[in-house]
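Chain by chain, the residues run as shown.
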Amino acid sequence: MYDAVIVGAGVIGCAIARELSRYSLKLCVAEKNEDVCTGTSKANSAIVHAGFDAVPGTRKARFNVEGSRMMEALSHTLDFSYRRNGALVLCFDEADRVHLQELYHRGIVNGVEGLEILDKEALHAMEPAVTQEAAAALYAPSSGIVCPFGLTIALAENAFENGAEFRMNCQVQSLRRAGDHFVLVTDQGELESRAVINAAGVYGDVLHNEICAETLRIVPRKGEYCLLDRRDGTLVDHTIFQLPGKLGKGILVTPTVHGNLLLGPTAADQDAREGTNTTAAGLANAIDKAQRSVPHLPMRDVITSFAGLRAHIAGGDDDFVLQQSAPGFYEAIGIESPGLTAAPAIGVYMAQLVAEGMGLVKKEHFTETRRSIVNPRELSFEARQALISRDPAYGHIICRCEQISEGEIRDAIRRPLGARSLDGVKRRVRAGMGRCQGGFCSPRVMELLSREWNEPMTELTKSGGESYLVVGLTKEEL
Amino acid sequence: METYDIVIVGGGPAGLAAAIAAKRAGTERLLILERDSELGGILNQCIHNGFGLHTFGEELTGPEYAERYIRQVRELEIPCLLNTMVLDISPDRVLTVAGRDGGLRQIAARAVILAMGCRERPRGALNIPGYRPAGIYSAGTAQRLVNMEGYMPGREVVILGSGDIGLIMARRMSLEGAHVKLVAEVLPYSGGLKRNISQCLDDFGIPLKLSHTVVDIDGRERLRGVTLAEVDENRRPIPGTEEYIPCDTLLLSVGLLPENELSASAGVALDSVTGGPVVTESLLTSVPGVFACGNVLHVHDLVDYVSEEAARAGENAADYVRQGEQPEEANVRLAGKKGVRYTVPQLLDVRHMPEQLTVRFRVGQPYRDVTLCVWFNETCFRRIRKRVMAPGEMEQFLLRRADLPDDLHTITFTVEEDAK
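Residues numbered from 1 in each chain as written. Chains lettered and ligands numbered in written order. Predicted model: local features only at pLDDT ≥ 70, side-chain atom pairs only at ≥ 80, totals over all residues.

1. Looking at the overall build of chain B
Next up, step 1: What chain B contains, in helices and strands, is 9 helices and 28 strands.
Next up, step 2: Radius of gyration (C-alpha) of chain B: 22 Å, near the 22 Å computed for a compact globule of 420 residues.
Next up, step 3: For the C-alpha atoms alone, the extent of chain B along its principal axes is close to 65 × 60 × 40 Å.
Next up, step 4: When the 420 residues of chain B are sorted by exposure, 53% land in the buried category. (Helix = DSSP H or I, 4+ residues; strand = E, 2+ residues; numbered from the N terminus. Rg over C-alpha atoms; globule rule 2.2 N^0.38 Å. Buried ≥ 20, exposed ≤ 12 C-beta atoms within 10 Å, placed from the backbone.)

The structure is reproduced here in structure tokens:
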């Protein structure tokens, strides 16, 4: 019997797990996929929003600003990549300046610091690559960029270290109440728990409707993106937004913490909860709108495109749901943008809610900090040299494009909650995330996965499930 | 700091031939840096035959071709560092290298020969819409898995792009028992060698669908199928021509890109057409003492030409080390126009050129019954009738120093089509 089971190991589930692991309880995170950070958390804009978009008084506004304020300190405590690069919201028409003003005032009410409206000249002095058609811009210096994998994995590892159990490949098929506890029927059999926390992303409604009489429906809202080569990462320094539209914050152009350039997302509602396919129309739309902000985007430098799904609650009040929806049944659902930003604050809030509800007490010993896998490229020459002479695996480069060593990949696999798949390695240490997209290193990373997990190559997957990388030995069929 | 006369970056066919030539030309302190665990580069996975016809008058496999050079490197006792990656080259030729055995260190070189080869254009660069499942490989990655590791990437195969590696892999996958359904090529012609189309597709009954491309990728976990569509003359898919092809594997052979990240770190000027360094007749780049050869310079069709070019780079680097920096005056520009995409070299110092210099170039589209014109300044020096020219086949012209006029400043290559 668990005290609490969190359903979903995305950034929200992991943030709640980390905060809840401060308390004495038997805690489990059940994830339907093979790794943490495989749904919405892995495919988004990776922006730490300043908080001027959300309507004042909403949970989105509150947790956005709180999360944004927490992020920098957390990036040190848990050792993930974060940079406060500032954001600019462009307006293309003098007539739209009122909307910039509106955002500005919203931001002030929400408690966003440092907001400023820039005229055309100041804007271009700050970002020369931005279109001459921009008439003015809202400048938000507190906006930042983060590694969404780094953040999620850091939260998960820290929760794990503090006693949270993680069950991967553990989809919850049904959920029912049984007296004073819940029974979760999963891929790994029945789990019993006193409390259940719904952090199931685009499946949040399915879980909700198992328990709550008042049903709701989540409509996955697809966002498509293109990622450009690192040589283009300095084209703009700030995150460049356009005035937000009805479905979202519109198309942005931004550097990533890894130095790439990212553009997107589109916004289109759909039914498929696993429909993370890109479309010709969507990508064309993303590129087209991005070029409105930053003309001359070097589109021949695209290294990959991807799509993510926002968990939008249909017909609701357009806000996060963060509550105890039924006795012992807690929910953090409808976490669309600015969910990534808000995650750390949501984690704290939900953990408190659960702790109060269950009468939990804090542990005596909680490990606050977590160190990430060593990044030899960030070390001085001498320190890197010392590292390699201590452990030569850090000198053996596997991924040429990102210069990732065998040592880092080995660490990504051996760590608690270590990588099981090619994508798992990629999210942890970026092997295969560079300009050749794994052309050279995939077979090498597969060898390391095979060696470390002692699994035949034919059992290895790209991303769990049936995503096998090779189907057998040569000449088997002859 | 360790100092060498010449450091060769890359132990593939270009690096090996360059090292051998430099050693034979008298350079003593040479070093080959190779990131892989053995010499030979990509030849090691090219187990098909057809290598060495020009050089040895024999049809060798890739490993056999490589072995002939590796043996010479051993006989000449040229030192090699394997499992060693060059992380950076500074403009003053200090190389930062890392390896499992040698650790992290810096090596100074009086001359550097860039011989890093090329890489394959990945799926992402094409921006093909759809899912991102397992089962999508560049042809070269699949070649490595099959030929070196002994694994089958899949059984029902579609190949996008008719570059040579794609064609070779169509045959290889068939020989290994896979069903290669078709090869789709977005252009109205193939970018591969004619002999490969005949020997790898025609002989195996594999259809080549020209002016077709993949417009959608299906399958969330493992690839389930692709949607193929015909394209118009602007390479845009024609609505209504879509066809779903079930398959578990998509191999991409959609172009090779010279791997010049290190060249860029050294400050070497790159040619936007070839993707490789701009070089003189000595294969010297814009950075003093830094030479380039092989596929890092421009993508070759035959390894024989790589070896020949690399040997010249090796000899020239040896000269450079012996004589020190010579005042170069590479003031003649070579260029391709009207159908000729580029030339290598791009610059020429007439005083330094040998009696004869091979200029290599490629055309941008297939031609039949045309005239190749070589212009010295504004004057047409030579007209050569060509029955066939194709982008997949590298062309060459032998430039004789005796023919060059005194006031030469530009040599231009063009394709002249007959008036209809």
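Text resumes after the structure shown.
2. A closer look at the interface of chain A and chain B
Next up, step 1: Listed per partner, the contact involves 46 residues of chain A and 43 residues of chain B.
Next up, step 2: When contributions to the side of chain A that touches chain B are tallied by element, the ones reaching two or more residues are α7 (280–293), β18 (302–313), α9 (381–390), α12 (442–453) and β23 (472–473) of chain A.
Next up, step 3: Sort the elements by how many residues they give to the side of chain A that touches chain B and β18(A) lands first, with 5 residues.
Next up, step 4: A breakdown of the residues in the side of chain A that touches chain B according to their chemical character gives 20 nonpolar, 19 polar and 7 charged.
Next up, step 5: Pairing of β23(A) with strand β11 (residues 151–152) of chain B involves 2 bridges; the strand directions are antiparallel. Counterpart to Gly472(A) in the pairing with β11(B) is Met152(B). (Contact = placed C-beta atoms within 7 Å. Nonpolar A, V, L, I, M, F, W, Y, C, P; charged D, E, K, R; others polar. Pairing = 2+ DSSP bridges.)

3. Considering helix α6 (residues 164–175) of chain B
Residue and element names in this part refer to chain B.
Next up, step 1: With 12 residues, α6 ought to run about 16 Å at 1.5 Å a step, and its terminal C-alpha atoms sit 17 Å apart, in line with that.
Next up, step 2: Most of α6 sits inside the fold, with 9 of its 12 residues counted as buried.
Next up, step 3: Of the positions making up α6, those classed as buried are Asp164, Ile165, Gly166, Leu167, Ile168, Met169, Ala170, Arg172 and Met173.
Next up, step 4: Among the structural elements, α5 (139–149), β12 (156–160), β13 (179–185), α7 (194–201) and β18 (249–252) are those in contact with the buried residues of α6.
Next up, step 5: Positive phi appears at Gly177, one or two residues downstream of α6, with a value of about 100°. (Expected span 1.5 Å × (residues − 1).)

4. Details of the nonpolar core
Across soluble globular proteins, you tend to see nonpolar side chains buried next to one another.
Next up, step 1: Counting residues in hydrophobic clusters, the biggest one holds 155 residues, and the most contacted among them are Ala18(B) and Ile113(B).
Next up, step 2: A per-element tally of this core places helix α9 (residues 303–323) of chain B first, with 9 residues.
Next up, step 3: Ignoring sequence-local partners within four residues, the contact set of Ala18(B) consists of Ile8(B), Ile113(B), Ala115(B), Cys293(B), Ala310(B), Ala311(B), Ala313(B) and Gly314(B).
Next up, step 4: Ranked by size, the runner-up nonpolar core spans 82 residues in total, among them Leu27(A), Cys28(A), Leu155(A) and Met350(A). (Core = buried A, V, L, I, M, F, W, Y, C linked by C-beta atoms within 7 Å.)

5. Some points on the domain arrangement of chain A
All names here are of chain A.
Next up, step 1: Once the domains are mapped, chain A shows domain 1 (1–83 + 146–216 + 316–372), domain 2 (84–145 + 219–309) and domain 3 (376–459).
Next up, step 2: Distance from the C-alpha centre of domain 1 to the C-alpha centre of domain 3: 29 Å.
Next up, step 3: For the side of domain 1 that touches domain 3, the element with the highest residue contribution is helix α5 (residues 148–161), accounting for 6 residues.
Next up, step 4: Considered class by class, the residues forming the side of domain 1 that touches domain 3 number 7 nonpolar, no polar and 5 charged. (Domains from an automatic or database assignment.)

6. Here we look at the sheet that holds strand β24 (residues 356–363) of chain B
Residue and element names in this part refer to chain B.
Next up, step 1: Taken together, the 3 strands give an open sheet; going across it, the order is β22-β24-β27, and neighbouring strands pair in antiparallel fashion. Each edge of the sheet is formed by a strand with only one pairing partner; in this case those strands are β22 (340–344) and β27 (395–400). With direction set aside, neighbouring strand axes in the sheet form an average angle of 30°. (Axes fitted to C-alpha atoms, helices over the stretch in contact; angles between N-to-C directions.)

7. A word on the packing of helix α1 (residues 11–20) of chain A against helix α8 (residues 339–358) of chain A
Residues and elements named next belong to chain A.
Next up, step 1: At a minimum axis separation of 8 Å, α1 and α8 run at an interaxial angle of 40°. Here α1 lies oblique to α8, going by the angle between them. Judged by the twist between their axes, the crossing of α1 over α8 is right-handed. Along the contact surface, α1 presents Val11, Ile12, Ala15, Ile16, Arg18, Glu19 and Leu20, while α8 presents Gly339, Leu340, Ala343, Pro344, Ile346, Gly347, Val348, Met350, Ala351 and Val354. (Parallel < 35°, antiparallel > 145°, perpendicular 65-115°, else oblique. Left-handed = near helix turned anticlockwise from the far one by under 90°.)

8. Quick look at the packing of helix α10 (residues 406–414) of chain A against α12(A)
All names here are of chain A.
Next up, step 1: Their axes nearest at 10 Å, the elements α10 and α12 cross at an angle of 45°. With respect to α12, the axis of α10 lies oblique. In the crossing of α10 with α12, the sense of the turn from one axis to the other is right-handed. Note on element contacts: α12 touches α10 through Val445, Leu448, Leu449 and Glu452, opposite Glu406, Ile409, Arg410, Ile413 and Arg414.
Next up, step 2: Tallied by class, residues from the contact of α10 with α12 come to 5 nonpolar, no polar and 4 charged.

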